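# Fold and contact review
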Amino acid sequence: MTTTIDSVSESVKTSLEKLSSVNQKLFLAEKERSLKQPISNSPLLDQLCWVKLIRIMLADGHSMRLTEFKNDLKERSKRVMSWRKSPTIKTDGEFEGPMPWLHPFKLAGEALWPLEISLEEAVTSGQTEEEDLTALQEVLHRHNIDLPLQPQSTTPRFPPRPLGEQN
């Protein structure tokens, strides 16, 4: 069962075809929500919904990673025989390893916020012509994000050495 993609913009339509049916349904729901306002169906509206969908996917990916990080932190704080050879007592504020607040999904979502705002202003002012979305591609490229989203590796580039090891 495939979802019919109702998109006026051909570039958005080809990009949507690569995504899962769940993401396609999210796009269509966002478009329906926008069309309930006095906005005409246009390629620019499709681009706005596309950017919103990408930001939603990035936020979901980041929240999943943050949940994993917090669960892992709880497990590490309970571990008795860690690399310290003693109980590790940590508070939630003492993070180790990769910082989820600097996760590429979060950074890319924040960088796309001004683009979404400018597209929304253009749509509400009555514009219908497609805009150049090179800013979107630049942000995704800068943070090494490919669509459909794949989980990002969060292992540190330089993991800590064991305590007994010497140069």
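Residues numbered from 1 in each chain as written. Predicted model: local features only at pLDDT ≥ 70, side-chain atom pairs only at ≥ 80, totals over all residues. Heavy atoms only, no water.

## Considering the overall build of the protein
This is how it is decided: In this description a helix means any DSSP run of H or I spanning at least four residues, a strand means any run of E spanning at least two, and both kinds are numbered starting from the N terminus. Exposure is judged per residue with a 1.4 Å probe applied to protein chains only, and the accessible area is read against the type maximum: over 50% gives exposed, under 20% gives buried, and values in between give partly exposed. Two residues qualify as a contact provided that any one of their heavy atoms is within 4.5 Å of a heavy atom in the partner residue. Shrake-Rupley sampling with a 1.4 Å probe provides the accessible areas, and residues are treated as covered by the protein chains on show and by no other component.
Scanning the protein for helices and strands turns up 5 helices and 0 strands. Helices (α) and strands (β) of the protein occur, in sequence order from the N terminus, as α-α-α-α-α. Split into buried and exposed, the 167 residues of the protein put 34% on the buried side. Sequence-distant contacts in the protein: of pairs separated by 6 or more residues, those separated by 24 or more amount to 66%. Entry remark: accessible area of the protein is about 11100 Å², with carbon and sulfur atoms responsible for 54%.

## Considerations on the packing of helix α4 (residues 104–124) against helix α5 (residues 134–142)
The criterion, for reference: To get an axis, fit a line to the C-alpha atoms, keeping to the stretch in contact for a helix; angles then go from 0 to 180 degrees between the N-to-C directions. When describing relative orientation, an angle under 35 degrees is termed roughly parallel and one over 145 degrees roughly antiparallel, while 65 to 115 degrees is termed roughly perpendicular and anything else oblique. Polarity classes work like this: nonpolar for Ala, Val, Leu, Ile, Met, Phe, Trp, Tyr, Cys and Pro, charged for Asp, Glu, Lys and Arg, and polar for all others, with Gly in that last group.
Closest axis-to-axis distance for the α4/α5 pair is 10 Å, and the angle between their directions is 170°. It follows that α4 is roughly antiparallel to α5 by the angle criterion. Residues A108, A111, L112 and L115 of α4 lie in contact with α5, whose contacting residues are L136, V139 and R142. Looking at the contact of α4 with α5 residue by residue, the classes come out as 6 nonpolar, no polar and 1 charged.

## Here's the deal with helix α2 (residues 21–35)
Formally: For a helix, the expected span equals 1.5 Å multiplied by the residue count minus one. Directions pointing from the helix axis toward each C-beta atom define the arc.
Spanning 15 residues, α2 covers 21 Å between terminal C-alpha atoms, matching the ideal 21 Å at 1.5 Å per step. Regarding α2, the residues found buried are N23, Q24, F27, L28, E30, K31 and S34. Summarising the axial view, the buried residues of α2 lie within an arc of 160°, below the 170-degree limit, and thus occupy one face. Opposite the packed face of α2, turned more than 90 degrees from it, sit the exposed residues V22 and E32.

## Some remarks on the side chain of S9
Considering the arrangement of structural elements, one finds S9 in the segment before α1 (10–17). On the basis of relative accessibility, which here comes to 0%, the residue S9 falls in the buried class. With near-sequence residues (within four places) excluded, S9 lies in contact with P43, D46 and E130.

## Details of the side chain of Q47
As a reminder of what qualifies: Each polar contact in these results corresponds to two N or O atoms within 3.5 Å; when the atoms are within protein, one needs to be able to donate a hydrogen and the other to accept it, and residues that are neighboring in sequence are counted only if both atoms are side-chain atoms.
Mapped onto the elements, Q47 comes out in helix α3 (residues 43–78). By relative accessible area, which is 2% here, Q47 ends up buried. Polar side-chain contacts of Q47 include one of 3.3 Å to the side chain of E130. Here the side chain of Q47 touches E131 through a polar contact of 2.8 Å, landing on its backbone oxygen.

## Some remarks on the confidence of the model for the protein
Low pLDDT means the predicted atomic positions in that stretch should not be read closely. Inclusion rule: A residue's pLDDT is simply how confident the predictor is in it, with values from 0 to 100.
Confidence along the protein averages 79 in pLDDT terms, with 71% of residues attaining 70 or more. Here residues 92–97 is modelled with pLDDT under 50, and outside its nearest four sequence neighbours on either side it reaches 10 contacts, counting other chains as well.

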